[in-house]
Amino acid sequence: MAAVTVFHNPRCSTSKAALDAADAAGVDVEVVRYLTTPLDEAALRNLLGKLEDPATDLVRRDAAFARLGLTNADVATADQVVAVLVEHPELMQRPVLEKGKRAIIGRPKDRVPAFLTD
């Protein structure tokens with residue numbers, strides 16, 4: 001079993017940097033390409049239960065968010081975050097790193113090395 005799970009988007013430089021940091025630290029990772037294999041409601045709730053960041057931070061506020069007509073009020077609660085990410089997995093922040101009972105959003109990049117070795 002891998003020491004760390006990385007929810008990864010291979011087109012994202014920050015997500016790639018997290019994998020590079022894990023490699024440099026010698027940490028065994030399981031890579032989950034969440035766009036290919038989206039998280040279901042139960043998996044998202046489990047991840048949110050471990051997340052050290054506010055639940056709302058798991059949702060990217062990017063062009064797709066705006067195009068969908070979403071606002072911060074639409075992702076203010078954990079239940080809303082889960083509902084939005086089940087329907088629109090492309091809005092999930094990346095990378096997300098999970099280790100045991102803890103998880104973080106790997107932004108900014110400098111958060112990742114400490115999480116990997118802690």
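Everything below is about the structure shown above.
Every value quoted in this text rests on a predicted model; they were computed, and no experiment measured them. (Residues numbered from 1 in each chain as written. Predicted model: local features only at pLDDT ≥ 70, side-chain atom pairs only at ≥ 80, totals over all residues. Heavy atoms only, no water.)

Counting across every chain of the model gives 0 aromatic pairs. When the ring centre of Phe115 is taken as reference, the NZ or CZ atom of Lys99 above it lies at 4.9 Å. (Phe/Tyr/Trp six-rings, centres within 6.5 Å; stacked < 30°, edge-to-face > 60°. Lys NZ or Arg CZ within 6 Å of the ring centre and 35° of its normal.)

Moving on, we come to the environment of Ala83. Mapping Ala83 onto the fold places it in helix H4 (residues 78–87). Spatially, the C-alpha atoms of Ala83 and Asp40 are 9.7 Å apart, while their sequence positions differ by 43 residues. (Helix = DSSP H or I, 4+ residues; strand = E, 2+ residues; numbered from the N terminus.)

Moving on: the side chain of His8. Here His8 is to be found in strand E1 (residues 4–8). There is a polar contact of 2.6 Å between the side chain of His8 and the side chain of Ser15. Those residues in contact with His8, other than ones at most four positions away along the chain, are Ser15, Lys16, Leu19, Val31, Val32, Arg33 and Tyr34. (Polar contact = N/O pair within 3.5 Å; in protein donor to acceptor, adjacent residues only side chain to side chain. Contact = heavy atoms within 4.5 Å.)

Judged by pairing direction, the sheet is mixed, and its 4 strands sit side by side in the order E2-E1-E3-E4 without closing on themselves. Each of the sheet's edge strands pairs with one partner strand only, and the pair in question is strand E2 (29–33) and strand E4 (102–105). With direction set aside, neighbouring strand axes in the sheet form an average angle of 20 degrees. Note: E1 against E2, 5 bridges, orientation parallel. Among the inter-strand pairings, His8 is bridged to a residue of E2, identified as Arg33. Here helix H1 (residues 13–25) sits on the sheet and contacts E1, E2 and strand E3 (96–99); the angle it forms with E1, its principal contact strand, is near 160 degrees. (Pairing = 2+ DSSP bridges. Axes fitted to C-alpha atoms, helices over the stretch in contact; angles between N-to-C directions.)

This part covers the environment of Thr14. Within the fold, Thr14 resides in helix H1. Classification of Thr14 as buried rests on a relative accessible area of 9%. For the pair formed by Thr14 and Val27, sequence separation is 13 residues and the distance between their alpha carbons is 17 Å. Discounting residues that sit within four places of it in the chain, Thr14 has contacts with Pro95, Gly106, Arg107 and Lys109. (Buried < 20%, exposed > 50% of the residue type's maximum accessible area, 1.4 Å probe, protein only.)

On to empty space enclosed by the protein. Following the criterion strictly, the structure yields 1 cavity of 30 Å³ or more and no others. Put simply, the largest cavity is a space of about 40 Å³. Lining the largest cavity we find Tyr34, Pro38, Leu39, Leu44, Leu85, Pro89 and Met92. (1 Å grid on protein atoms, 1.4 Å probe; cavity = no way out; pocket = protein on both sides within 12 Å on 5 of 7 lines; lining within 4 Å. Points joined across faces, edges and corners; volume = space filled by probe spheres on them.)

Quick look at the nonpolar core now. Formed by 23 residues in total, the largest nonpolar core has its most connected members in Phe7, Leu58, Leu85, Leu91 and Met92. Looking at this core, the elements that each hand over two or more residues are helix H2 (41–50), helix H3 (63–67), H4 and E4. For this core, the element with the highest residue contribution is H4, accounting for 4 residues. Those residues within four positions of Phe7 in sequence are excluded, and the remaining contacts are Ser15, Val32, Tyr34, Leu39, Leu47, Met92, Arg94, Pro95, Val96 and Glu98. If you look at the next biggest cluster of nonpolar residues, it comprises 11 residues, including Val4, Ala18, Leu97 and Val112. (Core = buried A, V, L, I, M, F, W, Y, C linked by side-chain atoms within 4.5 Å.)

Take it as geometry only, folks, not as evidence of what the structure does.
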